[in-house]
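So the chains spell out like this:
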Amino acid sequence: MKNSKKTFIYKCNGLILLILVVGFLLSWLMGSPFNLPSFFIMSAFLLAGINALIYYKIILPLNKFAELADEVADGNLKNPELEINSELGELQNSFSKIVGSLIESREAIENYIKTIGESNVTISNINQQLEIKVNSLSLLYTASKAMGGSLSIDGLIRSLLTLIIEKLNLSGAAIMLYNDQTDMVYMKDLLGFSPELFARFRFYSDHRIIMEVLSGKGWWLPEEKDFELMKAEFESDLVRALTLFFPMKIKDHFVGLLLLGDQKSGQPYNDSDLQLIQALTGLATTSINNAALYERSEMTKNELDRKVFNLMTLQQSGRVLSSTLNLEELIAISIDMFLETVWSNRGVLMLVNEETTKLEVKAFKGLSREEVGKLETDPVEIWAMTTLQKEKRAILSHELAGKVILQNYTTIGKQLQFAVYLPLIKEGEITGVVKIGPKINGEPFTENDLEFFSTLASQAVIAFENARLYSLAITDSITKLYIHRYFQVRLDEEVKRSRRYNSTLTLLMIDIDHFKQINDTYGHQQGDMILKEISHILRRNIRSTDLAARYGGEEFVIILPETTQADAKIVAERIRRDVSGHEFSSFAQGQPPIAVTISVGVAGFPINANNKEELIQKADNSMYQAKGQGRNKVVLCGLN
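Residues numbered from 1 in each chain as written. Predicted model: local features only at pLDDT ≥ 70, side-chain atom pairs only at ≥ 80, totals over all residues. Heavy atoms only, no water.

(A) Structural context of the packing of aromatic side chains. Tallied over the entire structure, the rule returns 11 aromatic pairs. An angle of 55° between the planes, with centres 6.1 Å apart, marks the rings of F203 and F234 as tilted. Here F203 is found in strand β3 (residues 203–204), whereas its partner F234 is found in helix α8 (residues 224–234), with 31 residues between them in sequence. Like F234, F203 is buried. With a centroid separation of 6.2 Å and an interplanar angle of 45°, the aromatic rings of F452 and F453 are classed as tilted. (Phe/Tyr/Trp six-rings, centres within 6.5 Å; stacked < 30°, edge-to-face > 60°. Helix = DSSP H or I, 4+ residues; strand = E, 2+ residues; numbered from the N terminus. Buried < 20%, exposed > 50% of the residue type's maximum accessible area, 1.4 Å probe, protein only.)

(B) View of the environment of G628. Within the secondary structure layout, G628 lies in helix α19 (residues 612–628). Between the C-alpha atoms of G628 and S599, which are 29 residues apart in sequence, the distance is 9.6 Å.

(C) Up close: the sheet that holds strand β8 (residues 395–396). What the five strands build is an open sheet, ordered β7-β6-β10-β9-β8; its pairing is antiparallel. With one partner strand each, in any of the chains shown, β7 (359–365) and β8 form the two edges of the open sheet. Looking at chain direction, strand β6 (residues 347–352) and strand β10 (residues 429–436) are connected through five bridges and run antiparallel. By the bridge assignment for β10, G347 is matched with I436. Contacts between helix α12 (residues 379–391) and the sheet are confined to β6, β7, β8, β9 (420–426) and β10, with β10 contributing the most and set at about 135° to the helix. (Pairing = 2+ DSSP bridges. Contact = heavy atoms within 4.5 Å. Axes fitted to C-alpha atoms, helices over the stretch in contact; angles between N-to-C directions.)

(D) Just the side chain of D476, in detail. Summarising the element assignment, D476 is placed in the loop between α14 (447–474) and α15 (484–501). D476 gets classed as buried once you look at its relative accessible area, which sits at 13%. Setting aside chain neighbours within four positions, we find D476 in contact with L481, Y482, I483 and R550.

(E) Quick look at unusual backbone geometry. Look at the link from F605 to P606: it is a cis peptide, with omega at 10°. Not every positive phi belongs to a glycine, and D183 is a case in point at roughly 60°. Unlike most non-glycine residues, N502 shows phi in positive territory, near 55°. If you trace the backbone, N502 turns up in the loop between α15 and β11 (505–512). Given a relative accessible area of 70%, N502 falls into the exposed group.

(F) Region of interest: α19. With 17 residues, α19 extends 25 Å from end C-alpha to end C-alpha; this agrees with the ideal 24 Å at 1.5 Å per step. Of the residues making up α19, those classed as buried are K612, L615, I616, A619, S622, M623, A626 and K627. End-on view of α19: buried residues confined to an arc of 150°, all on one side of the axis. Projecting away from the buried face of α19 at angles above 90 degrees are the exposed residues E613 and G628. Buried residues along α19 sit in contact with α15, β11, β12 (547–552), β13 (555–561), β14 (598–605) and β15 (634–636). Where α19 terminates, the next one or two residues include G630, which has phi positive at roughly 110°. (Expected span 1.5 Å × (residues − 1). Arc of directions from axis to C-beta.)

See the structure below:
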């Protein structure tokens, strides 16, 4: 009995295992095998459940039936028929349930195998769709990784276009950005399309294309009629290559457009392609917008830094320009200041001559005197100066070079000598010009630089005007030499300096011989002309450290710091000789030149005088001694 029970259990388990193995092999042959760990776990649970069912529903009832048969045989049961029928009924029910379960299991397995066979194509489609989804997610991940590592708009856009063309196998791709300052949508970058689209394909934000893109499902596929309209409007057949438009938009903020060409496979875009590109567009829009915000913040920061630097430079420049009222010193300071503040090492400073009203070179740096002289006859420079006189504003050289008028037979092929032409304007009139060479670091000048130049030029104009007014206050209107009051102040300073440093100081007192007779004979205008020409001779014969002044009437004085009487006599003799040998032109036409001579007195400090007043007196006395000795002479105090 026990052996038959075991045989029955083994056969049931073997049948169940056979069914499981057959099911696994069929699923493997159909291309969708079970997962092995899951299959073994499921088989173990199934065998355990069936064995438990057999044990409780068959083996136990059989054991009870065997015990009942033994007791019947032994005569121990009081009502054997009733108990036997009860046990047999339970046993029959157990067998019925087991057989029913086996039949149901068999039918379920047969149905599963049948479903696998019928849905082979469906599974293949599912696998294909899963593969597409995985590739799409991989592309989005790659795109997010590429675009998340850069804050450069140009770099982001080029990476995106390259990725789209390579991964989606497209003929071309382009990105257009919106400029809120000009309200224009313009081509930022493209791959696979003609570069001619950069110039031709641009439009305002209210254009029909924008309306079409924003009013659709999230993209726009132009039709033939749309291409015909675009071809006529943009005057190019190249627009036909733009077959798909995606809007780049964050909420209400319009960023630009993504333009795509055809798929190289020739297949039309399907829903999966459109959804993938839409996701890519959203990712790109966010990245580009973030990069734009970053660049804008960097530009703002750089702009603030530049303005702070410019303000500091202007403050320092104002301090430098206000450090002197001497026009010659101011000119020398200004040319250095202009070049240093804009990082250049070549330039020219020109100021208007009040007498001739023409611009004259007053200072230059980085050029030879010969090169500066050639500028006056250079046709390109003449044209640049003419344009500057006309427009009266700071001009960059590339702006001048773009003028059509520059391309004539005298200027074609020639380059402008300077990078910036900066006018010095007072009350609407040009009083000077600063020509600035290129930057030392090779960077170009910009419109922001022009704004700084204009402010710097305004400071220079004020400084030059102050120096001019001061010069008018201390110079004689006829001779342009210093006036008597300024001479007194400077002589007092030089005497104190000579005493402090134990150095020599010499004073020349000069008087024009018979000047009253000249005025009476030829008139005061002739006398003024002679005074002017003698002042030129005086300036020509003294050093920059010396000082010539008009003492009064026809008398002049010259201060010669750190000069002995012997050296002063050489200067005095040279001046006397130049005056006597000079032919003073007659004010009246047709009259012969006028001969003029001078008498010069020389006195030194401290050898001849102990103070300023005594020095003037000794020089004056020596000058009158020269007159007494026949005029046209030089007399040294204490020696003649």
